[in-house]
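Commentary on secondary and tertiary structure
Next come the chains, spelled out residue by residue.
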Amino acid sequence: MNTSGTGVINYYLNETGYWIRKEYFDLNDKMIEADGVAKIEVTRNSNNELTSRIGYDLKGEIVPYFNGLKRTHYLFNEQGQTAFAQNLDANGNLKNGPQGVAEVAYSIDENGTLLSREFRDENHKPILHPQVFYSRLEYREFNKYCFPKRFYSLDEYGHIIIYGIMEYNSNMTMKKKTFYNRQGEPTESSSGYAYAIYQYNDQGEFVKEKRFNLAGEEI
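Sequence order as written defines the numbering, with residues in each chain counted from 1. With pLDDT at 70 or above as the cut-off, local features in this predicted model cover only qualifying residues; side-chain atom pairs require 80 or more to be listed or tallied, and sums for whole chains, interfaces and linings still use all residues. Where side-chain values are given, they derive from all heavy atoms of the structure, hydrogens and water being excluded.

This part covers the overall build of the protein. Secondary structure elements are taken from DSSP: a helix is a run of H or I of four residues or more, a strand is a run of E of two residues or more, and numbering for both begins at the N terminus. A tally of regular secondary structure across the protein gives zero helices and 15 strands. Here the C-alpha coordinates of the protein stretch approximately 50 × 45 × 35 Å along the principal axes. Any two residues having at least one pair of non-hydrogen atoms within 4.5 Å are treated as being in contact. Taking the contacts inside the protein whose residues are at least 6 apart along the sequence as the reference set, 21% of them involve residues at least 24 apart. Note on areas: Shrake-Rupley with a 1.4 Å probe; residue coverage comes only from the protein chains shown. Of the accessible surface of the protein, which amounts to about 13,000 Å², a share of 46% is contributed by carbon and sulfur atoms.

Right, dumping it as structure tokens:
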């Protein structure tokens, strides 16, 4: 069982073997909510690329995925990589969601490595997300395993808000994440912690994220 309480995930596949629905259960085969979602249903195009996603809780009510969107639609580039996650109205037009976000634009290199993601409004203009407090998140300084050492949070004008440095274990699981302000000084993230240390069990499975403030006190 993982930290969300999930013991089993059941996948339902289409005729070509790609999943179109998944459901979460505990170790006693009782359906549960994992991060508020008990069931996820997706649609796929003729290439089996994901075209939309919608989640439900145990009551059968829709659970917004992110940005408050009830249904997320996807577009792909020529390499089959996700280029946009969008909110569309009944006519298929781009529309601002409850938090002002109409689409998330992804930048991916030829190897499939995610370089950045950016929040935009229905006019394709970058906007500051009201909950995560950045407009664009960039990943930089990739190691030979394509894991980034740094990430930068930028505002809608492209100015650095905060950046982080990530350290990895030898098996490339996250070891530590530390935040800095634009002057390069240690600072606290929008979630209120300055750095986090990640713990794993003997099998290498994630156990806990321990967060600390600037004084080194666990919070």
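Here we take up the confidence of the model for the protein. The predictor rates its confidence in each residue with pLDDT, a number between 0 and 100. On average, residues of the protein carry a pLDDT of 90, and 96% of them reach 70 or more. Looking over the protein, one finds the lowest element-wise mean pLDDT in strand S6 (residues 72-76), namely 88, and the highest in strand S13 (residues 174-180), namely 97.

This part covers the nonpolar core. Definition used in this section: a nonpolar core is a set of buried Ala, Val, Leu, Ile, Met, Phe, Trp, Tyr and Cys residues joined via side-chain atoms within 4.5 Å. Under the scheme applied here, a residue whose accessible area is under 20% of the maximum for its type counts as buried, over 50% as exposed, and between as partly exposed, the area being computed with a 1.4 Å probe on protein chains only. Core analysis: the largest hydrophobic core is formed by 19 residues, its most contacted members being Phe119, Phe151 and Met166. For this core, the secondary structure elements donating two or more residues are strand S10 (136-142), strand S12 (160-168), S13 and strand S14 (195-200). Here this core gets three residues from one element, more than from any other, and that element is S12. Core analysis: the second largest hydrophobic core is formed by seven residues, Ala34, Val37, Ile40 and Val42 among them.

This paragraph deals with the pairing of S13. Most of S13 is tucked away, with five of its seven residues classed as buried. Judged from the six bridges that link them, S12 and S13 form a sheet pairing that is antiparallel. The residue of S13 that forms the bridge with Gly164 is Phe179. At least two bridges found by DSSP between two strands is the condition for calling them paired. Connecting the antiparallel pair S12 and S13 is a turn made up of five residues, with Met172 showing a positive phi of about 70°. As paired elements, S13 and S14 share three bridges and run antiparallel to each other. Counted as the bridge partner of Thr178 is Tyr195 from S14.

With that out of the way, let us pick up the layout of surface pockets. Taken as a whole, the largest pocket encloses approximately 550 Å³ of empty space. Lining the largest pocket are 22 residues, with Val132, Tyr134, Phe151, Phe179 and Ser190 positioned closest to its centre. Looking at the lining of the largest pocket, the elements with two or more residues in it are S10, strand S11 (148-154), S12, S13 and strand S15 (206-212). Here the lining of the largest pocket gets three residues from one element, more than from any other, and that element is S12. Under the grouping applied here, Gly and all other residues not named as nonpolar or charged are polar, the nonpolar ones being Ala, Val, Leu, Ile, Met, Phe, Trp, Tyr, Cys and Pro and the charged ones Asp, Glu, Lys and Arg. In the lining of the largest pocket, the residues fall into 12 nonpolar, five polar and five charged. Each cavity reported here is a set of points on a 1 Å grid over the protein atoms alone in which a 1.4 Å probe fits but cannot get out, each pocket an open set with protein on both sides within 12 Å along at least five of seven lines, and each lining residue one with an atom within 4 Å of a point. Grid points are joined across faces, edges and corners, and a volume is the space filled by probe spheres set on the points.

In this section: the pairing of S6. When strand S4 (residues 50-56) meets S6, the two strands line up antiparallel, connected through two bridges. From the neighbouring strand, Ser52 faces S6, where its bridge partner is His73. Relative to strand S7 (residues 82-86), S6 is paired through four bridges, and the arrangement is antiparallel. Across the sheet, Phe76 pairs through a bridge with Thr82, a residue of S7. With antiparallel pairing between neighbouring strands as the criterion, S6 and S7 make up a hairpin whose turn holds five residues, including Gly80 at a positive phi of roughly 80°.

Counting through the fold element by element, Ser190 comes out in the loop between S13 and S14. Taking C-alpha positions, Ser190 is 8.9 Å from Gln131, a pair spaced 59 residues apart along the chain.

Okay, the packing of aromatic side chains next. Here the aromatic set is Phe, Tyr and Trp, taking the six-membered ring for Trp, and pairing holds for ring centres within 6.5 Å; pairs whose planes are under 30 degrees apart are stacked, those over 60 apart are edge-to-face, and all others are tilted. Inspection of every chain in the model, using the stated rule, returns 10 aromatic pairs. Grouped by ring-pair contacts, the aromatic residues Phe151, Phe179 and Tyr193 constitute a single cluster. Taking the ring centre of Tyr12 as reference, the NZ or CZ of Arg21 above it sits at 3.9 Å. We call a charge positioned above a ring when the Lys NZ or Arg CZ atom is no farther than 6 Å from the ring centre and deviates by at most 35 degrees from the ring normal. Over the aromatic face of Tyr56 sits the side chain of Lys39, whose NZ or CZ is 5.2 Å from the ring centroid.

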